[in-house]
Amino acid sequence: MRTKAGLTQEDVAKKLGTNKSNISRLECGRSNPSWGTLSKYAAACGFRVKLKAVENERVS
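Residues numbered from 1 in each chain as written. Predicted model: local features only at pLDDT ≥ 70, side-chain atom pairs only at ≥ 80, totals over all residues. Heavy atoms only, no water.

Where do I start with the pattern of salt bridges in this structure?
Close approach of charged atoms lets side chains of opposite charge pair. Tallied over the entire structure, the rule returns two salt bridges. A salt bridge links Glu27 to Arg2; the shortest N-O distance between them is 2.6 Å. Of this pair, Glu27 sits in helix H2 (residues 20-28) while Arg2 sits in the segment before helix H1 (9-16); the two residues are 25 residues apart in sequence, bridging distant segments of the chain. Given a relative accessible area of 15%, Arg2 falls into the buried group. Across the pair Arg58 and Glu55 runs a salt bridge whose closest N-O atoms are separated by 3.3 Å. Summarising the burial analysis for this pair, Arg58 and Glu55 share the class exposed. (Salt bridge = Lys/Arg side-chain N within 4 Å of Asp/Glu carboxyl O. Helix = DSSP H or I, 4+ residues; strand = E, 2+ residues; numbered from the N terminus. Buried < 20%, exposed > 50% of the residue type's maximum accessible area, 1.4 Å probe, protein only.)

Spelled out as structure tokens, the structure:
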């Protein structure tokens, strides 16, 4: 999302009022962010988070 939006980690960190290192941890999967954090990150990048439940495909 961030790169598609043309933003740096520093840009997103400033928008969220946090440190670049926190954005790096989030993007590298070294954190367990809350739904709220993911939503704020997405919004800072010009996106929104959508949760969708889909039925598993049945294997014959």
